[in-house]
Amino acid sequence: MTPRPPPESAHARQALLVAPVDTYGGAERILATAARALAGRPGWTVEIATIGAESGTTFIADNCGAASMTYGAGGGGLGSEWRLAPRLAGRSFDLVVSSHVRVNAALAAARRLGLLRTRRLVARESTVIVDRAAGARLLAYRSLYRLYGGQDLIIAQTSYMADRLRQVLPKAALPALEVIANPLDRAAVEAKARAPLEPTLARRLAEAPHIVWCGRLVGVKNPLRAVATLAEARARSGLDLRMVMVGSGPMIPEVQAEVARLGLDDAVVLVGDRPNPYPIFAACPYGLLTSDVEGFPNVLLEMMACGVRQIVTTPCAGDLDRLTGVHVAAGFAPAALADS
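Student: Looking at this model, I keep getting lost on the sheet that holds strand S12 (residues 268-272). Mind explaining?
Tutor: Adjacent strands of a sheet pair through backbone hydrogen bonds, lying either parallel or antiparallel. Taking strand neighbours across the sheet as the criterion, the 6 strands line up as S12-S11-S10-S13-S14-S15 in an open arrangement whose pairing is parallel. Of all strands in the sheet, those with a lone pairing partner are S12 and strand S15 (326-328), marking the two edges. Adjacent strand axes in the sheet meet at a mean angle of 20° when their direction is disregarded. Where strand S13 (residues 286-289) and strand S14 (residues 310-313) come together, 4 bridges link them in parallel fashion. The residue bridging Gly-287 from the neighbouring strand is Ile-311, located in S14.

Written out as structure tokens, the structure reads:
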């Protein structure tokens, strides 16, 4: 049974947001945005806790406003959720929020066991696990979902995600499931988009119309599909279309090899990770998303906020057709994306 919530307090209300590590990613951007907004409200004290230790990236810490940041130990990988226990013991919260399946499951179990005392526990789903995992990996995730049920609210980003979640959530968790769209701090995005670009990149982006692609260079984001789409679009349109790719990851050598194979060395530039990619977005008339599957790609909203005029995406998530100005391709092939 879920333990009784702590008594009312005359002091500031306490919120805790939990992430595995402090890095630059979609879920981390949402947590930072929520923490910054809540910490700006009177009467709230907001802490963001990571399971892992402070490392080379401090994206959440740099973008969480008046919220405080505390770090754990180790790398924050799978199986390290037990490190949260000493940091929860003897404390009471008004709100606890997390956004990764394994952290969500650990906090739900901790609440049931009385290790976590909170008035409200909120779990946000960061992706559609049943579309991304199979075999033993899917079985492992299903075992984590069996620990759900201690939450007051489980957030699905889209109606499609909610439908898929119903296949793996225990019955006790279903009443807490709601569809809530991702937040976007448009004013903050627009302000960051006005930051100056380094002169060399600014000149390059001004030379010809660029497509901006942003994400981790990993299989599920399919950056090779982006390169192939650029080649298709250049061939079909006859225009000197170019691409700027924002992000890093293990597929950098493969992407560079594909760029060379297709003769696009002068048309593609990889700029690596950018804590603030928004000035690049603002300098590009076109945006492209090539993922196989997403929970909901907030990068599309960020591109829209930066004034990217035409955005094309694969049908990688639900509710994309509700975004004005975003073209959802008829399929995942580069030809379909080029048509859009």
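Student: Would you mind showing me how to read the nonpolar core here?
Tutor: Considering soluble globular proteins, one finds that nonpolar side chains tend to be buried as a cluster. In terms of nonpolar packing, the biggest core is built from 29 residues, with Val-212, Val-244, Ile-280 and Phe-281 touching the most fellow members. Every element with two or more residues in this core is listed here: helix H8 (186-193), helix H9 (199-207), strand S10 (210-214), strand S11 (242-246), S12, helix H12 (278-282) and helix H13 (298-305). It is H13 that contributes the most residues to this core, 5 residues altogether. Setting aside anything within four residues of it in sequence, one finds Ile-280 in contact with Leu-197, Leu-201, Leu-205, Val-212, Val-244, Val-246, Val-271 and Arg-274. One finds Val-227, Ala-233, Leu-241 and Leu-288 within the second-largest nonpolar core, a separate group that totals 22 residues.

Student: Help me understand the packing of helix H10 (residues 223-237) against helix H11 (residues 252-261), please; the structure alone is not making it clear to me.
Tutor: For any two helices packed against each other, one specifies the inter-axial angle together with the distance between the axes. Interaxial distance between H10 and H11 falls to 9 Å at its minimum, and their mutual angle equals 15°. As far as their axial angle goes, H11 and H10 are roughly parallel. Every pair of crossing elements has a handedness; the one defined by H10 and H11 is right-handed. Where H10 abuts H11, its residues Pro-223, Leu-224 and Val-227 lie against Glu-254, Val-255, Glu-258 and Val-259. Taken together, the residues that form the contact of H10 with H11 break down as 5 nonpolar, no polar and 2 charged.

Rules used in this analysis
- Residues numbered from 1 in each chain as written.
- Predicted model: local features only at pLDDT ≥ 70, side-chain atom pairs only at ≥ 80, totals over all residues.
- Heavy atoms only, no water.
- Pairing = 2+ DSSP bridges.
- Helix = DSSP H or I, 4+ residues; strand = E, 2+ residues; numbered from the N terminus.
- Axes fitted to C-alpha atoms, helices over the stretch in contact; angles between N-to-C directions.
- Core = buried A, V, L, I, M, F, W, Y, C linked by side-chain atoms within 4.5 Å.
- Buried < 20%, exposed > 50% of the residue type's maximum accessible area, 1.4 Å probe, protein only.
- Contact = heavy atoms within 4.5 Å.
- Parallel < 35°, antiparallel > 145°, perpendicular 65-115°, else oblique.
- Left-handed = near helix turned anticlockwise from the far one by under 90°.
- Nonpolar A, V, L, I, M, F, W, Y, C, P; charged D, E, K, R; others polar.

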